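Listed here are the chains, written in short residue letters.
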Amino acid sequence: MGVETVPNPEFWADQRVLLTGHTGFKGSWTARWLSRMGASQVGYALAPDTTPALFPSLDLPGLQSVVGDITDATTLTSTVADADPTVAIHMAAQPPVRRSYAEPAETFATNVMGTLNVLEALRHHAPRLQAVLVITTDKVYLNDDSGTPFVESDRLGGHDPYSSSKAACEEVVSSYRQSFYDDAGVALATARAGNVIGGGDWSEDRLVPDIWRAMRSGTSVELRNPRSVRPWQHVLDPVSGYLDYVEAMVDHRWPTLPRALNFAPVPDQPMTVSEVTETLGEAMGVDRPWHQASGFHPVEMKLLTLDASLAEKSLGWRPRLTGREAVQWTADWIKATDSGQDYATALDAQIDDYEALGQGAAERTAP
């Protein structure tokens, strides 16, 4: 297609959106962007579990926030029925890999049965529903550590409980699509993104928050696998892809769209964990930002990259920021808020800049 897309405010202003996981890092950025475009939203998620937290600081007109667990089918079903959504974006999950080793049953319950509960509630209690997008992860692929970028048709699987649970989630979605959603005329797809970074993430056991906490304490961050390669991307890149995908699913293009898409940075610009740490430390003016962690750590794959060419072919979507630019934008957000700028203003400034990048690319490639 060759033209970078920009989420369409006219489309979203007409939608009533169910957004699960809206209190999380990625969910908060999504909710803010949708709110700016005039969408009516009902969010369903656990209360934020970090201090500080991004979601409580945001002004989100048009969003009704419901605190609940997706494993609680009764409360979830009642929320869906009251919301009466036209589209749904399911982000709620149990994501930390190391927590999945400590709490495997909870991880599978949330990521598999929780997703099933969402799909069940929607198919029975959302009569106006047109499209559902389930957000999974780059880790759904059965990784042989070869470093070859994964494409959507590659085999799914996972070694750790988190990866395995999200691969199982993909199977649940596939089953529900073929068994129920296709017959009902409702588009149902999955989106797989890489390691997302950006301002406002204070989650446990994630690289940028770990660096932030180390900077605050005057120590260097401990890295378990400094040489591991991951598809680092700024949060606005995959979120823009999710919104573009939903628009296309609703806009009479579903029969020709893939049922799953990768949203990832350019694969020939990989960054290791240590490179991300050093780049962020340099941008923040921090000396010696990391050291090798000692002790035993759960096995993690060293190489992981995704091929997002199908998203470009299908939607016209392309990443607008390189990995290094994503790190710089993250540092800029942290420095702005450390200087007194409120979180919502900092988010809006970067959404404005990101939209300008997409509009400029569209104008340059227009016939």
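Parameters at a glance
Residues numbered from 1 in each chain as written. Predicted model: local features only at pLDDT ≥ 70, side-chain atom pairs only at ≥ 80, totals over all residues. Heavy atoms only, no water. 1 Å grid on protein atoms, 1.4 Å probe; cavity = no way out; pocket = protein on both sides within 12 Å on 5 of 7 lines; lining within 4 Å. Points joined across faces, edges and corners; volume = space filled by probe spheres on them. Helix = DSSP H or I, 4+ residues; strand = E, 2+ residues; numbered from the N terminus. Expected span 1.5 Å × (residues − 1). Bend = angle between axes of the 7 residues up to and from the residue. Polar contact = N/O pair within 3.5 Å; in protein donor to acceptor, adjacent residues only side chain to side chain. Buried < 20%, exposed > 50% of the residue type's maximum accessible area, 1.4 Å probe, protein only. Pairing = 2+ DSSP bridges. Right-handed = clockwise from strand over helix to strand, strands pointing away. Salt bridge = Lys/Arg side-chain N within 4 Å of Asp/Glu carboxyl O. Phe/Tyr/Trp six-rings, centres within 6.5 Å; stacked < 30°, edge-to-face > 60°. Lys NZ or Arg CZ within 6 Å of the ring centre and 35° of its normal. Axes fitted to C-alpha atoms, helices over the stretch in contact; angles between N-to-C directions. Contact = heavy atoms within 4.5 Å. Parallel < 35°, antiparallel > 145°, perpendicular 65-115°, else oblique. Left-handed = near helix turned anticlockwise from the far one by under 90°. Nonpolar A, V, L, I, M, F, W, Y, C, P; charged D, E, K, R; others polar. Core = buried A, V, L, I, M, F, W, Y, C linked by side-chain atoms within 4.5 Å.

Draft legend 1. Spatial organisation of empty space enclosed by the protein. Counting across every chain of the model gives 3 cavities of 30 Å³ or more. Looking at the second largest cavity, its volume works out to about 100 Å³. Contributing to the lining of the second largest cavity are 13 residues, with Pro 231, Pro 265, Val 266, Gln 269 and Pro 270 lying nearest its centre.

Draft legend 2. Highlighting helix H6 (residues 161–184). Here H6 is 24 residues long and its end C-alpha atoms lie 33 Å apart, about the 34 Å a rise of 1.5 Å per residue gives. At Arg 177, H6 shows its strongest bend, of approximately 50°. For H6, the capping residue at the N-terminal end is Asp 160, with a side-chain oxygen 3.1 Å from the backbone nitrogen of Tyr 162. Note on H6: the residue one or two positions beyond its end, Gly 185, has a positive phi of about 75°.

Draft legend 3. Spotlight on the pairing of strand S2 (residues 40–45). In terms of residue burial, S2 counts as a mostly covered element, since 5 of its 6 residues are buried. Direction of pairing for strand S1 (residues 16–20) relative to S2: parallel, over a ladder of 5 bridges. Bridging across to S2, Leu 19 finds its partner in Gly 43. Handedness of the crossover joining S1 and S2 through helix H2 (residues 25–36): right-handed. Two elements, S2 and strand S3 (residues 63–67), share 5 bridges in a ladder whose sense is parallel. Within S3, the position partnered with Gly 43 by the bridge is Ser 65.

Draft legend 4. Local environment of the pattern of salt bridges. Within the structure shown, the criterion is met by 12 salt bridges. Of the charged contacts in the structure, one is a salt bridge between Arg 206 and Asp 201, with a shortest N-O distance of 2.6 Å. Arg 206 gets classed as partly exposed once you look at its relative accessible area, which sits at 30%.

Draft legend 5. Summary view of the packing of aromatic side chains. Enumeration according to the criterion identifies 11 aromatic pairs in this entry. For the pair Phe 11 and Trp 12, a centre-to-centre distance of 4.9 Å together with 85° between the ring planes defines the contact as edge-to-face. Given the relative accessible area of 0%, Trp 12 is considered buried. Each residue in the set Trp 202, Trp 212, Trp 333 and Tyr 343 is aromatic and connected to the rest through ring pairs, giving one cluster. Of note, Arg 123 hangs over the ring of Phe 180, and the distance from its end group to the ring centre comes to 3.8 Å. The ring of Trp 254 has Arg 259 sitting right over it, with the charged end atom 3.8 Å from the ring centre.

Draft legend 6. Spotlight on the sheet that holds strand S4 (residues 87–90). On the basis of which strands lie adjacent, the open sheet formed by 7 strands has the order S3-S2-S1-S4-S5-S6-S11 and parallel pairing. Two strands in the sheet have a free side with no partner beyond their single neighbour: S3 and strand S11 (260–263). Going from strand to strand, the sheet's axes swing by 15° on average, the running direction of each strand aside. Strand direction decides the pairing type here: S1 and S4, joined by 4 bridges, are parallel. Of the residues in S4, the one forming a bridge with Val 17 is Val 87. Packing against the sheet, H2 makes contact with S1, S2, S3, strand S5 (131–135) and strand S6 (187–193), and its axis sits at approximately 170° to S1.

Draft legend 7. The arrangement of the packing of helix H3 (residues 73–83) against helix H5 (residues 104–125) in detail. Put simply, H3 and H5 touch, their axes get as near as 9 Å, and they point 40° apart. Viewed along their axes, H3 and H5 adopt a mutual orientation that is oblique. Note that H3 runs across H5; the crossing there is right-handed. In this structure, H3 uses Ala 73, Leu 76, Thr 77, Val 80 and Ala 81 to contact H5, whose residues at the interface are Asn 117, Val 118, Ala 121, Leu 122 and His 125. Grouping the constituent residues of the contact of H3 with H5 by class yields 7 nonpolar, 3 polar and no charged.

Draft legend 8. Examining unusual backbone geometry more closely. Omega for the peptide link from Thr 51 to Pro 52 comes to 0°, which places this bond in the cis form. With respect to the element layout, Pro 52 can be found in the loop between S2 and S3. Residues other than glycine seldom take positive phi values, yet Asp 84 does so here, at roughly 50°. Tracing the backbone through its elements, the reader meets Asp 84 in the loop between H3 and S4.

Draft legend 9. Local environment of the nonpolar core. Trp 12, Trp 29, Leu 133, Tyr 242, Tyr 245, Met 249 and Phe 263 are the most contacted members of the largest nonpolar core, which totals 80 residues. Looking at which element gives the most residues to this core, the answer is helix H8 (residues 236–250), with 9 residues. Grouped together as the second largest cluster of nonpolar side chains are 26 residues, Tyr 44, Leu 76, Ala 88 and Val 172 included.

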